[in-house]
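# Residue-level structure breakdown
Spelled out, the chains give:
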Amino acid sequence: MGRAFVYVILGGGVAAGYAALEFTKRGVSPGELCIISEEPVPPYERPALSKGYLLPEAPARLPSFHTCVGANEERLTPKWYKEHGIELVLGSQVKSADVRRKTLLTAAGETISYKILIIATGARALKLEEFGVNGSYAENVCYLRDLADANRLVNVMQSCGGGNAVVIGGGYIGMECAASLVINKINVTMVFPEAHCMARLFTPKISSYYEEYYKSKGVKFIKGTVLSSFDNDSNVKVTAVNLRDGSRLPADMVVVGIGIRPNTSLFEGQLTLEKGGIKVNGHLQSSNSSVYAVGDVAAFPVKLFGETRRLEHVDSARKSARHAVASIMEAGKIGEFDYLPFFYSRVFTSSWQFYGDNSGEVVHFGDYSGSTVGAYWVSNGHLVGSFLEGGTKEEYEAMAKATRVKPVIEDLSELERQGLGFALAV
Ligand code: FDA
Ligand code: NAD
C-alpha cells in the first residue's frame, strides 16, 4: 500500500504549520502536499502549552491556537487543510525513511513517497532515566512537549491543588511551568544543578532578578544539586524527591524539564548531522538535495555570526520553515536565510525578549530592583546580543534592529550609561 506526493512534510508541529501556509501562498496545487504527524491534531503553536493552556481560568484550548495565529497569520484548522487540498496523515508515526528511494514508512505499514521532503520532526524531551534516575513513569511525574503531556499536567495539577510540586530543571520549561503552578495555587520548589536559573542564556545578574521575582511569588530554589531518587507509594505515585545533597522534598507532583534531543534518528547514516541536528545550507537543504530540514531539528548557518547553529525556539521554526518553502518553490530566486536569533518568554506579568548572541562581555542597564531591565553583549568590539524585560513594541524593535546592525562599541561604560537609549538611537 502506498501513496505519492510532490512535497511531504515529516512532523506536524510549529514548522510544519508555517511551511504549509507558505506553500499555499506560493501556489501549491491540491493533492501535491502531505503532512505526516505522530500527533492526533493539525499543527499548533507549541508555546501555548506552558502558558495559556495551564491557566486555571479560561485556559487556551484547540482550535484557538492552531498555527499560524502566533505570527498574526491565518489559523490553519482541519477545514483549512481540506480546502487547500493538503493531506493530513495524523496520529501516524514514521518508522523508517529511505532518502535514496525517497520513501517513508509509517507505523501502519503505509509507504509514502515524495519528490521533496521537509523534515520538521522537532525534538523530544530528555527523560530522567537518561541521567540514571528511574521513576519517570509514575502517575504524577510530568514532562511537557506535546498536547498529551499538557493534558496530563493539567489533570495532575487539578488533583493536587494547594499541594507541593517539585520542578526539576531551571531552563525554559522549569521557569514557565513553575509560574503556571503558582498561578494554580501549588507550592513550588525548583531544583537544578547550576548556580542560577536559565544558565544557558542569562547572566547571574539577570537570573537573580528573576529568582527574586519568583521568590516574591513563593517559589523556593534549591541550586547546585540534582535529584538522586524518588520515594513512591503503592499506587505508583511519587511522594518525595531525594536530592544528591541528602535532602528530601515531599511532593504531590513533579515536573521535569531537563532539555531536549532533536529527532534525527530516522536519518542517521543517511544525512550529514551537526550540532545534534540535520546540517543544512542557507536554503535549509540537507546533504541530500531532495531533503530539507527546518525548526528544532535543523542546524543551519547563522550568517550574522558566521556559524552553524541549531536553535530551539518558535520564531526560528516559523521563519526557517517559510524560507525552506520559498527556496523550494522559487528555486534560484531566493537568497540565503539570514536569521537574527530571537528568544522570548512570558511568565506571571513579566515578559522578556532576547536577540542575537550571548557571547563576549556583558553590560547591564536599567533598574534591577524595578521593572525595566536589560543587557547588551559585546564581542570583538561589536554589539552582538541584547536583552530587555518589560519593553514596549517599539523598544523591542529597536533592540532587534541594533543587534542586527552589530554597531562598533568602543566604550562599555558609555554603553551602560546610555542603556536602552543606545538601541533607540541606532
Ligand atoms: P515541533 O516539536 O513543534 O514539532 C515536531 C513534530 O514532529 C511533532 O508534531 C511530532 O509529533 C512530530 N514527529 C516527530 N517525529 C515524528 C515521526 N517519526 N513521525 C511522525 N511525526 C513525528 N519557543 C519560543 O521561542 N518561545 C516560547 O515561549 C516557547 N514555549 C514553548 C513551550 C513548550 C511547552 C515547548 C515544548 C516548547 C516551547 N518553545 C518556545 C519551543 C518551540 O515550541 C519549538 O522551538 C518549536 O515547536 C519547534 O518547532 P518544530 O516544528 O521544529 O518542532
Ligand atoms: P533547557 O535546555 O532550557 O533547560 C534544561 C535545564 O535542565 C537546565 O537549565 C538545567 O537546569 C536542567 N538540567 C540539566 N541536567 C539536569 C539533571 N541531570 N538534573 C536536573 N536538572 C538538569 O530545556 P527545557 O527547559 O527542558 O526546555 C525544553 C525545550 O523547550 C527547549 O528547547 C526550550 O528552548 C523549549 N522551550 C522554550 C521556551 C521559550 O523559548 N520561552 C519555553 C518552553 C520551552
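Look a little higher up for the structure.
So, here's what we can say about the structure. Residue positions are given per chain, counting from 1 as you read along its sequence in written order. Naming scheme: in the order in which they are written, chains are lettered from A and ligands are numbered from 1. In keeping with the predicted nature of the model, local features appear solely for residues at pLDDT of at least 70, side-chain atom pairs appear and are counted solely at 80 or more, and the whole-chain, interface and lining totals rest on all residues.

Let us look at the packing of helix H1 (residues 14–25) against helix H6 (residues 314–329). The axes used here are C-alpha line fits, helices contributing only the stretch in contact, and every angle between their N-to-C directions lies in the interval 0 to 180 degrees. In this text, helices come from DSSP runs of H or I with a minimum length of four residues, and strands from runs of E with a minimum of two, each type numbered from the N-terminal end. As a packed pair, H1 and H6 sit with axes 8 Å apart at the nearest point and diverge in direction by 35 degrees. Relative to H6, the crossing made by H1 is right-handed. On the side of H1, the interface is formed by Val-14, Ala-15, Tyr-18, Ala-19, Glu-22 and Phe-23, while H6 contributes Val-314, Ala-317, Arg-318, Ser-320, Ala-321, Arg-322, Ala-324, Val-325 and Ala-326. Considered class by class, the residues forming the contact of H1 with H6 number eleven nonpolar, one polar and three charged. In a left-handed crossing the near helix is turned counterclockwise from the far helix by less than a right angle, and in a right-handed crossing that turn is clockwise. We call two residues in contact whenever the C-beta atoms placed from their backbones are within 7 Å. Put simply, Ala, Val, Leu, Ile, Met, Phe, Trp, Tyr, Cys and Pro go in the nonpolar bin, Asp, Glu, Lys and Arg in the charged bin, and everything else, Gly too, in the polar bin.

Each neighbour pair has its own omega, and for Leu-62 with Pro-63 the value is 15 degrees, a cis peptide bond. Mapping Pro-63 onto the fold places it in the loop between strand S2 (33–36) and helix H2 (78–83). Between Thr-67 and Cys-68 the backbone carries a cis peptide bond, its omega angle lying at 15 degrees. We note that Asn-72 has phi near 55 degrees; this positive angle belongs to a residue other than glycine. Within the fold, Asn-72 resides in the loop between S2 and H2. Counting other C-beta atoms within 10 Å of a residue's C-beta gives its exposure: the residue is buried at 20 or more, exposed at 12 or fewer, and partly exposed in between, where C-beta atoms are placed from the backbone. With 6 C-beta atoms counted inside 10 Å, the residue Asn-72 sits in the exposed group.

In this entry, near means the residue's backbone-placed C-beta atom lies within 6 Å of the molecule or strand. Surveying the vicinity of ligand 2 reveals 24 residues, the closest of which are Gly-171, Tyr-172, Ile-173, Phe-192 and Glu-312. Ranked by residue count, the leading element in the shell around ligand 2 is helix H4 (residues 172–183), at four residues.

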